[in-house]
Amino acid sequence: MSSRNHMAPFAVNIDLNTGHIGPPARALTRRLSDLRGLFCDEAAYSALTAAGDPVVYEVYEVRVPEEDGHLLSCTTIIHPGQVGREYFFTKGHYHLSEPRAEIYTCLRGEGYLLLGNREGESRSIVMIPGVSAYIPPYWAHRTLNTGSHPFIFHGVWPGDSGHDYGSIEQAGFPLRVFEERGRPAVKASAGPC
Ligand code: S6P
Ligand code: ZN
């Protein structure tokens, strides 16, 4: 019998200030050096990586089986920062099983959710506390912090979704967000950069 038939209900606590999940969740830390080739300003990227390789974001994921029928969930904490004029962002991905949707709810801070699909369409959604965004099936997604505090959001997605990072690494994301005159500006982007 599969594990999902034997699981007891449970709850976790999300610290709304830090985004940490307890009891201890599976934690992932992405430093700038993990995001090689993704930011536009290569000189700024090299300088920042050499000068301390900052943590760009952390993910705390609730431990449940990664299989059909379950719902995975996590918090993501994107730290404030920029590479050149481009705000710190997540790698961005399609779900490996593309007909799998996701919901992101902003808990703290401010940022953007960027979306793109293989038909060439793109969208951006401003994320502030209380905004709950629906990522439909077949849409790649990337988030970024446009504020001066951590940007924290909660995500929920089907257990059998998986991640395809390669498509974004190769083709780039169709939208990018830069600081212009002290404000975020969303730009269409053709190719890796
Ligand atoms: C998973 C979901 C999030 C991201 C996380 C980090 O489907 O979308 O948990 O994994 O926000 O982003 P990325 O693009 O590095 O996985
Ligand atoms: Zn996802």
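The following paragraphs examine the structure supplied in this document. (Residues numbered from 1 in each chain as written. Chains lettered and ligands numbered in written order. Predicted model: local features only at pLDDT ≥ 70, side-chain atom pairs only at ≥ 80, totals over all residues. Heavy atoms only, no water.)

Another point: the environment of Ile125. As for its position among the elements, Ile125 is in strand 10 (residues 122–127). Taking relative accessible area as the criterion, Ile125 reaches 26% and is therefore assigned partly exposed. Counting along the chain gives 27 residues from Ile125 to Ile152, while the straight-line C-alpha distance between them is 15 Å. Setting aside anything within four residues of it in sequence, one finds Ile125 in contact with Gly111, Tyr112, Leu113, Leu115, Val131 and Ala133. (Helix = DSSP H or I, 4+ residues; strand = E, 2+ residues; numbered from the N terminus. Buried < 20%, exposed > 50% of the residue type's maximum accessible area, 1.4 Å probe, protein only. Contact = heavy atoms within 4.5 Å.)

Looking now at the site of ligand 1. As a structural note, the neighbourhood of ligand 1 is formed by 16 residues, with Tyr57, Thr76, Glu102, Tyr104 and Tyr165 the closest of them. Between an oxygen atom of ligand 1 and a side-chain N or O atom of Tyr57, the distance comes to 2.5 Å. Surface burial for ligand 1 is 97%, taken as the share of its 400 Å² of free accessible area covered by protein chains. Residue assignment for the shell around ligand 1 shows that the elements contributing at least two residues are strand 4 (55–61), strand 5 (71–78), strand 8 (102–108) and strand 13 (151–158). Class assignment of the residues belonging to the shell around ligand 1 gives a composition of seven nonpolar, seven polar and two charged. (Near = heavy atom within 4 Å. Polar contact = N/O pair within 3.5 Å; in protein donor to acceptor, adjacent residues only side chain to side chain. Areas by Shrake-Rupley, 256 points an atom, 1.4 Å probe, with all protein chains shown as cover. Nonpolar A, V, L, I, M, F, W, Y, C, P; charged D, E, K, R; others polar.)

This brings us to the nonpolar core. With 43 residues, the main nonpolar core has Phe39, Val83, Leu113, Leu114, Met127 and Leu144 as its most contacted residues. In this view, Leu144 contacts Ile78, Tyr87, Phe88, Phe89, Glu110, Gly111, Tyr112, Leu114, Phe151 and Val177; residues no more than four positions away in its chain are not counted. (Core = buried A, V, L, I, M, F, W, Y, C linked by side-chain atoms within 4.5 Å.)

What follows is about the state of the cysteines. This model, assessed by the stated rule, comprises zero disulfides. Just so you know, Cys106 is unpaired, no disulfide at all, and the nearest cysteine sulfur is the one on Cys74, 13 Å from it. (Disulfide = S-S within 2.5 Å.)

This part is about the coordination of the zinc ion (ligand 2). At this site the zinc ion (ligand 2) is bound by His93 (NE2), His95 (NE2), Glu102 (OE) and His141 (NE2), with donor distances of 2.1 to 2.3 Å. Taken together, the six donor atoms surrounding the zinc ion (ligand 2) define angles of 73 to 175 degrees at the centre, an arrangement classified as octahedral. Sequence spacing among the residues donating to the zinc ion (ligand 2) works out to H-x1-H-x6-E-x38-H. Taken as a pair, His93 and His95 share a single burial class, namely buried. (Donors = N, O, S within 2.8 Å, 3.2 Å for Na, K, Ca; no water. Tetrahedral: all angles 85-135°; square planar, octahedral: opposite > 155°, others 65-115°.)

A few words on the sheet that holds strand 9 (residues 111–116). The strand order across the open sheet formed by three strands is 10-9-12, and the pairing between neighbours is antiparallel. Strand pairing shows two members of the sheet lacking a second neighbour, strand 10 and strand 12 (140–145), which therefore form its edges. Between one strand and the next, the sheet's axes are offset by a mean angle of 20 degrees, whatever the strand orientation. Inspection of the sheet shows strand 9 paired to strand 10 by six bridges, in the antiparallel sense. (Pairing = 2+ DSSP bridges. Axes fitted to C-alpha atoms, helices over the stretch in contact; angles between N-to-C directions.)

Let's shift gears to the environment of Pro184. Positionally, Pro184 belongs in strand 15 (residues 183–188). Once the C-alpha coordinates of Pro184 and Glu61 are considered, the two residues, 123 residues apart in sequence, prove to be 29 Å apart.

With respect to the secondary-structure elements, Thr143 resides in strand 12. Of the residues examined, Thr143 reaches a relative accessible area of 1% and is grouped as buried. If sequence neighbours within four positions are ignored, Thr143 has contacts with Ile78, Phe88, Phe89, Thr90, Tyr104, Tyr112, Leu113, Phe151 and Phe153.

Don't take any of this as a statement about function, it's just geometry.
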